[in-house]
Amino acid sequence: MKTALPLIPLLEPIRPQMKQVDGVLHQLLARAEEPLRSMLGRSLGGGKRLRPALVILIGQVFDVPLEPFHRLAAAVDMLHAATLVHDDLVDESPLRRGRETLHTTWSVGATVLAGDYLLGESTALVAELGHPRVLEIFACILRTMCAGEIEHLLSTKQTPESREEYYRRIEAKTASMFAATTEMAAVLAGAEEPQIAALGCFGREIGMAFQIVDDVLDFIGDEARLGKPAGSDLRQGLVTLPVLHYLEQGKDLTPINAVLSGRQDRREKDVQVAIEAVVASGAIESALTEARAYARRGQEALTLLPDNTPRRMLHELAKYMVERRS
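Residues numbered from 1 in each chain as written. Predicted model: local features only at pLDDT ≥ 70, side-chain atom pairs only at ≥ 80, totals over all residues. Heavy atoms only, no water.

### Let's talk about the overall build of the protein chain
For clarity, the cut-off: To qualify as a helix, a DSSP run of H or I must reach at least 4 residues; to qualify as a strand, a run of E must reach at least 2; elements of each kind are numbered from the N terminus. Just to be clear, the radius of gyration here is over C-alpha atoms, and the globule rule we use is 2.2 Å times residues to the power 0.38. Only protein chains enter the accessibility calculation, which uses a 1.4 Å probe. A residue is then buried if its area is under 20% of the maximum for its type, exposed if over 50%, and partly exposed in between. Residues count as neighbours in contact if any of their non-hydrogen atoms are within 4.5 Å of one another. Residue-level accessible areas treat just the shown protein chains as cover; the underlying method is Shrake-Rupley with a 1.4 Å probe. Here the positive residues are Lys and Arg and the negative ones are Asp and Glu; neither His nor the chain ends is included. By convention, charge coordinates are those of NZ in Lys, CZ in Arg, CG in Asp, or CD in Glu.
A count of helical and extended segments in the protein chain gives 15 helices and 2 strands. The C-alpha atoms of the protein chain give 20 Å as radius of gyration, which agrees with the globular expectation for 326 residues (20 Å, within 12%). Reported as C-alpha extents along the three principal axes, the dimensions of the protein chain are approximately 60 × 45 × 35 Å. The proportion of buried residues among the 326 residues of the protein chain is 52%. In the protein chain, the proportion of contacts linking residues at least 24 apart, taken out of those at least 6 apart, comes to 75%. As displayed, the protein chain offers around 14500 Å² of accessible surface, 54% of which is attributable to carbon and sulfur atoms. Side chains of the protein chain carry 37 positive and 44 negative charges; the gap between the two charge centres is 3 Å.

### As for helix H11 (residues 241-248)
Counting buried positions along H11 yields 6 of 8 residues, so the element is predominantly enclosed. The set of residues buried in H11 consists of Leu241, Pro242, Val243, Leu244, His245 and Tyr246. The secondary structure elements touched by the buried residues of H11 are helix H7 (163-188), helix H8 (193-220), helix H10 (232-235), helix H12 (254-260), helix H13 (268-280) and helix H14 (283-301). Phi for glycine 250, located one or two positions after H11, is positive at around 70 degrees.

### Digging into the packing of aromatic side chains
We count it as follows: Think of it this way: a Phe, Tyr or Trp ring, Trp meaning its six-membered ring, pairs with another when their centres are within 6.5 Å, and the plane angle makes it stacked under 30 degrees, edge-to-face over 60, tilted otherwise. Geometrically, a lysine NZ or arginine CZ counts as sitting over a ring once it is within 6 Å of the ring centre and also within 35 degrees of the ring normal.
Inspection of the entire model under this criterion finds 2 aromatic pairs. The interplanar angle of 50 degrees and the centroid separation of 5.5 Å between the aromatic rings of phenylalanine 178 and phenylalanine 210 together place this pair among those described as tilted. Taken together, the residues phenylalanine 178 in helix H7 and phenylalanine 210 in helix H8 connect sequence positions 32 residues apart. Seen from the ring of tyrosine 294, arginine 297 lies directly overhead, with NZ or CZ sitting 4.6 Å from the centre.

### Remarks on a nonpolar patch on the surface
This is how the line gets drawn: To count toward a patch, a residue needs a relative accessible area above 30% and no salt bridge. Like charges then connect within 9 Å, nonpolar side chains (Val, Leu, Ile, Met, Phe, Trp, Tyr) within 5 Å. Between Lys or Arg on one side and Asp or Glu on the other, a salt bridge is scored when a side-chain nitrogen of the former is within 4 Å of a carboxyl oxygen of the latter.
On the surface, Val90, Ile150, Leu153 and Leu154 cluster together to form a nonpolar patch covering roughly 380 Å² of accessible area. Along the polypeptide, leucine 154 turns up in the loop between helix H6 (132-153) and H7. For leucine 154, a relative accessible area of 63% translates into the label exposed.

### Brief notes about the confidence of the model for the protein chain
Note the threshold: Values of pLDDT, ranging from 0 to 100, describe the predictor's confidence in every residue of the model.
Looking at the protein chain as a whole, its pLDDT mean stands at 88, while 90% of the residues score no less than 70. Across the protein chain, element-level confidence peaks in H14 with a mean pLDDT of 98 and bottoms out in strand E1 (residues 95-96) with 58.

### Some points on the pattern of salt bridges
Counted by the stated rule, this structure contains 16 salt bridges. Taking the shortest distance from any N to any O, the salt bridge between glutamate 128 and arginine 71 comes out at 2.8 Å. Of this pair, glutamate 128 sits in helix H5 (residues 108-128) while arginine 71 sits in helix H4 (residues 67-91); the two residues are 57 residues apart in sequence, bridging distant segments of the chain. A single salt-bridge network, built from bridges that share partners, covers Glu171, Arg204, Glu205 and Arg297.

### Details of the side chain of serine 122
Topologically, serine 122 is positioned in helix H5. You can call serine 122 buried: its relative accessible area is 0%. Filtering out sequence-adjacent residues up to four positions away, serine 122 remains in contact with Ala75, Met78, Leu79 and Phe138.

### Observations regarding the nonpolar core
Rules: Residue types Ala, Val, Leu, Ile, Met, Phe, Trp, Tyr and Cys, when buried and joined through side-chain atoms within 4.5 Å, form a set referred to as a nonpolar core.
One finds Leu11, Leu72, Phe202 and Leu314 to be the most contacted residues of the largest nonpolar core, which totals 72 residues. Per-element accounting of this core gives the leading share, 11 residues, to H4. With sequence-adjacent residues up to four places away left out, leucine 72 is seen in contact with Val55, Val126, Leu129, Val134, Met184, Ala185 and Leu188. Residues Tyr166, Ala209, Val213 and Ala283 belong to the second largest nonpolar core, which totals 32 residues.

### Some points on the packing of helix H2 (residues 36-44) against H5
Which entries qualify depends on this criterion: Interaxial angle, 0 to 180 degrees, is taken between N-to-C directions of lines fitted to C-alpha atoms, where a helix line uses only the stretch in contact. Reported orientations rely on four angle classes, namely roughly parallel under 35 degrees, roughly antiparallel over 145, roughly perpendicular from 65 to 115, and oblique for the rest. For this classification, the nonpolar set comprises Ala, Val, Leu, Ile, Met, Phe, Trp, Tyr, Cys and Pro, the charged set comprises Asp, Glu, Lys and Arg, and every other residue, Gly included, is treated as polar.
The interhelical angle for the contact between H2 and H5, taken along N-to-C directions, is 75 degrees, at an axis separation of 11 Å. Between H2 and H5, the crossing angle belongs to the class labelled roughly perpendicular. Between H2 and H5, the residues in contact are Leu36, Leu40 and Leu44 and Ala114, Tyr117 and Leu118, respectively. Residue composition of the contact of H2 with H5, by class: 6 nonpolar, no polar and no charged.

### Here we look at H13
Because each turn of an α-helix spans 3.6 residues, side chains separated by three or four positions in sequence point in the same direction. Put simply, the rule is: The span expected for a helix works out to 1.5 Å for each residue beyond the first. Directions drawn from the helix axis to the C-beta atoms are what define this arc.
In this model, H13 (13 residues) spans 19 Å end to end at C-alpha, consistent with the 18 Å of a helix rising 1.5 Å per residue. Of all the residues in H13, the buried ones are Asp270, Val271, Ala274, Ile275, Ala277 and Val278. Burial along H13 is one-sided: seen end-on, the buried residues are contained in an arc of 165 degrees. Away from the buried face of H13 by more than 90 degrees, exposed residues Lys269, Glu276 and Ala280 are located. Remark: glycine 282 follows H13 within two positions and exhibits a positive phi of approximately 90 degrees.

Below, the structure is given as structure tokens:
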């Protein structure tokens, strides 16, 4: 694991606190045996570190001692890393953040257990906080994410999902974890109930925006910056919001059907033609408009919090969710 993990410029003011989070992660990894230690360190390296940053910023909003927040932030980071290990295995993704995924190096069984190890460490960290409500929220998010992923994997539908199904899927996959992160931090900070609810809402809304933008970047993002091939979702037959907007326009469905047909001989040319059709249709901007609406609702939820610099950073972080390009 790197000694100084990258941060987006917006988060530079909390770099000292994020280094404290790194310290907690280093301590946890140090007690793992090789080769587990090195491989898990690689899984925890890189990324935008948005979820642990949210924990730190919420602690600062309420001006409380931050040591417990370092541990909660580390737990959230480990939980996220565990989900990525498992997701990459399920999706058979060869790359994550420009590097080979764990399952390309280890066996399936070892990869599953590595993700489970991270889940165990993150759960232990939360339990050590000695706050039953925080632990309850943590357990609920594990259940929600697993149930959502299982439902999606076992779906036998042959037709593209509806908008409602798409929203439900990305809430379970992404937004629920953002919401749990902000809610746990609010509870740990001793916030009042309306503020806890507001921060849960903030997390959910920016989580929805984040995933929609992720789905957009699958079409227009720079492959080098994304660290994975463009059109990855389409290659997996996954219908995302840009595709749904395209389908709703009633235009030529041939490019999309050629990719989503499930044919084993799907050609790379089919994927590129489908990407170009979606981008040229205006579906990308329509999806981004929805992401901006989610981000605005998240920003509005912050009005119940103390008006200080950390709250303004949370406000800017919501804006970043829809302006990012990787």
